[in-house]
Structures are given as C-alpha cells and as structure tokens.
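# Descriptive analysis of the structure
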Amino acid sequence: MPHDLTKLRNIGVIAHIDAGKTTVTERMLFYCGYGHRLGEVDKGTTHTDFDPEEQQRGITILSACVMFPWKDVCINLIDTPGHVDFTAEVERSLRVLDGGVVVFSAREGVEAQSETVWHQADKYRVPRLAFINKMDREGADFYETLDEIHTRLGCRPIPVTLPIGAGPPHFGDAFRGLIDLIGMKRLTFTSQSKGAEVVVDAIPDEMHEDAEMWRAQMLDQLSLFDDELTELLLSEEPVPEVLIHKVLRYATLHNKAMPVLCGSALDGIGVQPLLDAVAAYLPSPADMPPVEGTDPKNKDAKTIRRPTPDEPFCGLVFKIHPDRHGDLHYVRVYSGQLKANSRVYNPGKDKKENVPQLWQIQCDRREQVDKASAGEIIGVIGLRHSITGDTICSAKEPILLESITFPETVISMAIEPETSTERKKLSDVLDTLKRQDPTFLARENEETGQTLISGMGELHLEVIKQRLLRAFKLDVKVHNPRVSYRETVEKVADVTGRCHRTMAGQTLSAEVAIRMEPHPGGAAPVVVTADCGDALSGEFLTAATEVLTEHGQGGGLLGFPLMHVKIMVTGGKVHETESSDLAFRMAAADAFNKALRTAGIVLLEPVMHLEVTTPEENLGEIVSDLQQRRAVITHTHIRGRNTVIDARAPLANLFGYSSAMRGLSQGRATCTMEPSSYAPAPPDVLEGFL
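Residues numbered from 1 in each chain as written. Predicted model: local features only at pLDDT ≥ 70, side-chain atom pairs only at ≥ 80, totals over all residues. Heavy atoms only, no water.

This part takes up unusual backbone geometry. Although it is not a glycine, Lys134 sits at a positive phi angle of roughly 60°. Looking at where Lys134 falls in the secondary structure, it is placed in the loop between strand S5 (128–133) and helix H5 (142–153). Overall, Lys134 belongs to the buried group, its relative accessible area being 14%. If you check the backbone angles, Lys194 has positive phi at about 60° while not being a glycine. Structurally, the position occupied by Lys194 is in the loop between strand S9 (185–189) and strand S10 (198–201). (Helix = DSSP H or I, 4+ residues; strand = E, 2+ residues; numbered from the N terminus. Buried < 20%, exposed > 50% of the residue type's maximum accessible area, 1.4 Å probe, protein only.)

With that settled, consider the pattern of salt bridges. In this structure the tally under the stated criterion is 24 salt bridges. Ionic pairing is found between Asp122 and Arg128, a salt bridge with its closest N-O pair at 2.9 Å. Judged by its relative accessible area of 5%, Arg128 is buried. Where salt bridges share partners, they join Glu115, Arg152 and Glu611 into one cluster. (Salt bridge = Lys/Arg side-chain N within 4 Å of Asp/Glu carboxyl O.)

Between helix H1 (residues 21–31) and helix H9 (residues 271–281), the least distance of the axes is 10 Å, while the angle of their chain directions is 85°. One element, H1, and the other, H9, form an angle in the roughly perpendicular class. Here Val24, Arg27, Met28 and Tyr31 of H1 lie close against H9, whose contacting residues are Val271, Gln272, Leu274 and Leu275. Split into classes, the residues belonging to the contact of H1 with H9 amount to six nonpolar, one polar and one charged. (Axes fitted to C-alpha atoms, helices over the stretch in contact; angles between N-to-C directions. Parallel < 35°, antiparallel > 145°, perpendicular 65-115°, else oblique. Contact = heavy atoms within 4.5 Å. Nonpolar A, V, L, I, M, F, W, Y, C, P; charged D, E, K, R; others polar.)

Moving on, we come to the sheet that holds strand S6 (residues 157–159). A sheet is described by the order of its strands in space; here seven strands give the open sequence S2-S3-S1-S4-S5-S11-S6, paired in mixed fashion. Pairing within the sheet leaves two strands with one partner each, and these edge strands are strand S2 (64–70) and S6. Each strand axis lies, on average, 30° off the axis of its neighbour in the sheet, ignoring direction. Against the sheet, H1 touches strand S1 (8–15), S2, strand S3 (73–79), strand S4 (99–105) and S5, its axis set at about 155° to S3. (Pairing = 2+ DSSP bridges.)

On to the packing of aromatic side chains, then. According to the stated counting rule, one finds six aromatic pairs in the structure shown. With a centroid separation of 4.7 Å and an interplanar angle of 15°, the aromatic rings of Phe540 and Phe584 are classed as stacked. Taken together, the residues Phe540 in helix H12 (residues 538–554) and Phe584 in helix H13 (residues 581–599) connect sequence positions 44 residues apart. Per residue, the accessibility class of Phe540 equals that of Phe584, and both read buried. Put simply, the rings of Phe142, Tyr143 and Trp214 pair up and form one aromatic cluster. The positively charged end of Lys319 is found above the aromatic ring belonging to Tyr330, 5.7 Å away from the centroid. (Phe/Tyr/Trp six-rings, centres within 6.5 Å; stacked < 30°, edge-to-face > 60°. Lys NZ or Arg CZ within 6 Å of the ring centre and 35° of its normal.)

Below is the structure:
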C-alpha cells in the first residue's frame with residue numbers, strides 16, 4: 001500500500017448483469033501486469049470469479065477485492081455482482097468505497113439493474129465514471145446509451161472519448177478505436193498485443209469535424225464549474241489539457257458530472273484510458289470528507305474522524321468470508337492505524353476484540369501484513385463478536401459509525417436433514433452462510449422440524465442449495481421455493497391487556513393499554529412507542545415495551561413476520577403490592593394478542609419489478625402471459641430492435657417465469673426482476689392460510 005493517501009484509489013466496478021464488469025476488471029489486471037494470463041468469464045478462468053459456483057455459471061456472485069498499481073497510483077478494486085439477487089454485495093461495497101466505475105452495454109443501454117446500482121451509489125454519494133462497453137457488438141450505439149444515461153439516471157454525462165465505428169469486424173464501419181477528446185488524438189489498440197499496445201496518432205480528416213464539435217460541447221459543460229475555463233472560451237484561447245483534467249476531477253468529486261468513456265473490454269479496446277481516468281478523476285481517501293459517527297456514551301453527540309493515520313483508529317466491517325482457519329473480516333480503515341496483535345473495541349456490541357492477524361486480500365490469495373492505515377481495505381482474522389456493519393475502533397476514543405442496511409428477503413424454501421448427525425452439521429453450515437451473507441436467513445419451524453432458508457430470489461436460493469449439497473456435502477432434502485409473505489393490520493385497535501393470576505403462591509396483577517394501527521411509513525417493520533404520561537413509567541414501562549417489541553418481531557396470527565405496524569403504550573394500572581416486572585410482561589403479551597385479533601389481518605405479498613426485453617414479434621405472447629400472472633404493465637418503450645416492458649407482478653406468480661418467457665420467444669427475450677414492494681394479497685390467497 002502507498003504511504004501517500006493521494007496515490008490510493010478505492011473503487012468498485014458496478015453494472016447490470018452481462019454488461020461486462022468482470023471482463024473489464026480482468027483487462028485492468030492484465031494491462032497492469034497483475035497476471036501473465038488473460039482470464040475469460042466463459043471459461044471460468046478469471047481472477048475475481050474464483051468461487052466454483054461463479055465459474056460454473058459465468059456470473060459474479062461474491063464481491064472480490066484485488067489491489068494493483070497503475071502508473072503512479074495504487075488501485076484497490078472490488079468487482080461486484082450484477083444480478084439483483086446479490087445486490088447486498090453491491091450495497092456493502094459501495095458503503096466503503098470512494099469511487100465507482102459504472103459499466104453499461106452499448107447494445108442494451110441502461111438496464112434495470114443499472115438503475116438499481118446507480119441509486120445505491122447515489123445513496124452513498126459515490127463519485128462515478130461511466131464505461132460504455134461492448135462497442136464491438138451488433139446493435140451497439142454509443143450515442144443512444146449516452147442519451148439514456150442522461151434521461152434515465154438524471155445525471156450530466158460528459159464524453160471524454162468517442163468510438164471510431166461500431167459493431168463487429170464484418171460490419172463496414174466496425175468498431176476499431178477511440179478518439180481522445182482531451183488530447184484530440186486517435187487511439188488504436190493492436191490485436192497482436194491483446195490490446196496492451198496503444199498507438200496514438202492524428203484524428204482522421206473525415207472525423208475531425210465531429211471530434212471538434214464534441215470537444216466544444218465537453219468544454220461548454222465544464223465551463224459551468226470553472227471561471228478560468230469560461231474566460232478562455234470567451235476569449236477564444238486554447239484550453240490547456242491540465243485545466244480540463246482539473247475541472248473534470250472537480251466536477252466528478254462533487255457529483256456534478258460524470259466522465260464517460262467507451263470501448264470493448266473483450267477486444268482490449270479502451271481499458272487503458274479508463275484506468276487513466278480512474279487515476280485522474282476518482283477520489284483518493286484524502287479527498288473524502290471526515291467520516292461521521294456518534295459517541296457510544298451519548299447518542300446525540302456527533303463525532304468525526306479525518307482520513308489520516310494520526311487520528312484515533314476506526315473502521316467498518318463490511319464483509320465476512322468464512323474460512324477453515326477462521327472468519328476473514330473485510331474492514332475499511334477510515335482513520336488511524338490498525339496493527340496486528342492489538343485490541344480494538346466494538347461499540348455496538350460493547351465488546352473488546354483481539355486482532356491477531358492482518359491480511360492484504362488479492363482475490364483468492366492473501367498476504368500477511370503488520371499494519372493498515374487510514375484509507376486501506378484490509379482482512380482481519382480473529383474477530384469473534386463483530387458482524388457485517390459493525391464498527392471497530394480505539395477503546396480510548398470510541399465512535400459508532402452508521403451501519404449497513406439490507407433489503408428484506410422475499411422467497412424461502414424448506415430443507416430437512418436426513419439424519420440427526422446431519423442436523424447438527426446443517427446448523428453449523430447455516431450459521432456460516434448467515435455470517436457471510438446478510439440477506440440470507442435461516443430458522444427452524446418447531447412444529448414441523450423443517451428448516452426454512454430465505455433469500456432475495458430464485459437464483460440466490462439455488463446457489464445456496466448447490467453450496468449445501470456440493471461444497472459442504474450435506475445430505476439434505478430440499479423442497480420447492482415458496483413466497484415470504486408478511487402480515488399487517490387492517491384498522492386501529494385500542495385494547496387493554498390484563499394479568500390477574502397466582503404463581504408460586506404470589507398474586508400478580510397489572511394492566512397495559514395499547515393502541516395498534518397500520519403504519520406504512522415506519523422506519524422499522526414494527527415501531528413501538530409510549531405515550532402514557534404518569535400512568536406507567538420506569539421498569540414496568542420498559543418491561544411492557546420490551547415484550548411488545550419481541551412479539552412484534554415474532555410474527556402475526558398467520559405466523560408471518562409483521563410489517564407496517566405501530567404499537568403505542570397508552571396507559572396502564574399498577575397495583576401497590578401485586579404488580580411486578582413479570583406481571584407487566586404478561587399483561588403486555590395479552591394486550592398484543594388482543595390487539596392483533598381486534599385490528600384484523602391483512603396478508604401482504606411481495607411484488608416484483610419486472611423488466612422484459614423482447615423482439616416485437618413476440619410482444620403479444622409475452623404481454624398475454626404477464627397478464628395471466630396478475631402483472632400490471634406500467635410502461636413500454638423501444639430499445640434498439642426490441643421492446644422493453646416494465647411491469648409489477650406478484651412473486652408467487654413468477655416462479656419459473658424465465659423458462660416460460662424463453663419458450664414464448666424462442667430464447668430471444670430476456671428479463672430481470674427485483675423486489676419492489678409489498679401489497680395486499682387477494683382474498684383467495686388469504687383464505688388458503690386461514
């Protein structure tokens with residue numbers, strides 16, 4: 001790692017599935033001299049897709065971290081998944097990264113998951129570059145994709161390179177190089193060197209006018225951010241390249257604009273200019289503002305840490321990779337230094353942690369180091385209590401950073417061990433998987449003995465199932481996936497729960513009044529508050545709210561988790577001699593059950609956002625099939641030669657949809673789906689659970 005923070009770049013490569021993220025990453029590694037071989041996704045030989053499931057399926061499932069040098073900077077890169085089922089990997093990567101490279105396909109343009117990852121990056125205010133990939137494909141259109149980036153993502157894209165031609169080699173005007181709008185040169189990449197050799201020469205005369213026009217547009221947009229550049233344009237004086245780079249960097253760091261480059265990673269065209277742009281425009285840790293947190297002893301007190309080694313240490317655990325030698329915790333160091341054989345403090349758990357080993361992570365390899373400084377991403381082996389989203393820091397000057405939130409699971413399946421020996425082994429394996437994947441849940445049904453595992457989609461559960469059977473060699477029976485329903489309440493209910501009983505010769509007496517009501521905008525699925533004046537206070541109120549919170553997390557009348565519910569303690573009665581903590585716990589439990597029955601049940605089903613891309617001739621069959629699946633089509637538009645359908649449909653009706661869609665279109669249609677919201681299920685679905 002460089003000691004100069006300004007020479008470090010922590011970046012992520014993010015995009016829709018099949019846009020070419022992993023191929024872009026592989027070309028970056030190859031041109032930087034990281035490896036002698038050029039990995040290929042289709043052959044399962046890439047450096048970052050080293051998991052057997054990734055190699056077999058040809059997709060990224062787990063985010064991989066790798067560090068490599070480029071010219072005078074050091075790049076810490078995380079290659080993230082593109083499939084929506086693994087969006088948690090993108091979420092936690094963006095939480096700790098300083099910049100991002102968003103890859104778009106020149107043929108497909110801005111796709112559904114492109115928008116999802118874009119909004120995730122917006123959430124964490126991550127500065128970005130765009131790389132329009134696959135310019136060598138039939139139907140590639142740089143300018144249409146550029147327009148979609150502007151209109152669909154609501155940003156200001158500024159092209160800094162232009163494509164020369166578009167399409168595969170057999171096209172008359174095939175894609176064959178780039179125009180550098182800053183240096184006003186032509187860039188071509190020799191096939192003999194697999195794109196490693198870049199030839200710089202003059203722009204052809206027939207393209208010079210277009211290049212001048214696009215350069216003028218670039219400078220015009222940049223003039224909005226710099227007075228010196230504006231004055232040079234007004235006086236019609238030449239603009240130095242150094243000034244262009246400076247203004248582009250300013251606009252990128254402040255999320256005012258986004259430099260756009262293009263190329264074909266598979267053909268080795270345009271990757272070196274992309275690396276140059278990463279070094280020139282994306283932020284170093286020194287460019288980032290101080291990280292904000294709270295004082296664990298005073299939640300209302302804000303505290304900050306500047307990104308320097310001289311500050312007290314603080315870091316965030318953002319990923320856990322189970323290992324036979326001990327869990328490997330990925331930690332972003334925000335301030336100070338973390339040393340091997342030291343102790344740190346977890347303020348969220350109020351626990352001290354040992355840090356026996358630090359490892360520099362290089363995909364599936366690692367190298368042991370003695371310390372890590374502010375700005376670095378490091379692997380820690382030895383933490384016992386910390387999980388994804390936890391802060392670790394100096395015990396003398398603690399700080400609690402904002403954690404990482406993940407979406408709700410929408411689909412589950414039952415698994416049963418064949419023997420009692422397998423049951424214990426299954427329990428250990430599921431604990432391992434839960435530590436690794438925050439969106440994976442597992443719980444045992446006490447009545448049936450079945451274990452229910454829940455995830456973000458069919459592919460997510462399929463990957464989990466294959467890991468259980470293949471990697472962990474478990475002897476288990478796996479049932480078909482099922483929908484993860486939720487419950488809410490229909491109306492407001494004011495009830496009073498009572499406890500009047502004798503236990504072990506002692507009379508217990510207490511009353512708790514509560515109001516339960518629908519609460520769609522709550523910060524948590526079930527919000528518990530109190531507004532009861534002096535009627536109830538102290539330990540009795542605490543006991544009542546604790547029980548209401550526990551019951552709210554436990555589920556509703558049908559056994560599904562509750563959501564969109566608010567519970568308020570409105571009153572209570574305390575007996576002078578017969579009231580106790582236990583009595584109020586029983587009274588609160590009684591009030592909760594009464595309120596659920598009085599407020600009425602509303603069954604909520606997960607609704608998915610579906611984007612289907614289909615040839616025009618298959619549009620009728622696709623639409624008809626969607627309508628039979630209770631889908632509501634919200635929008636259709638033309639993208640290239642295809643029609644794109646935006647729809648909302650219940651997850652329960654989408655099992656096996658990918659196969660059905662391919663059958664209706666002779667394999668020519670594609671689709672993506674992601675969780676959108678929960679909506680009331682039809683009465684016939686509710687009746688099936690009553």
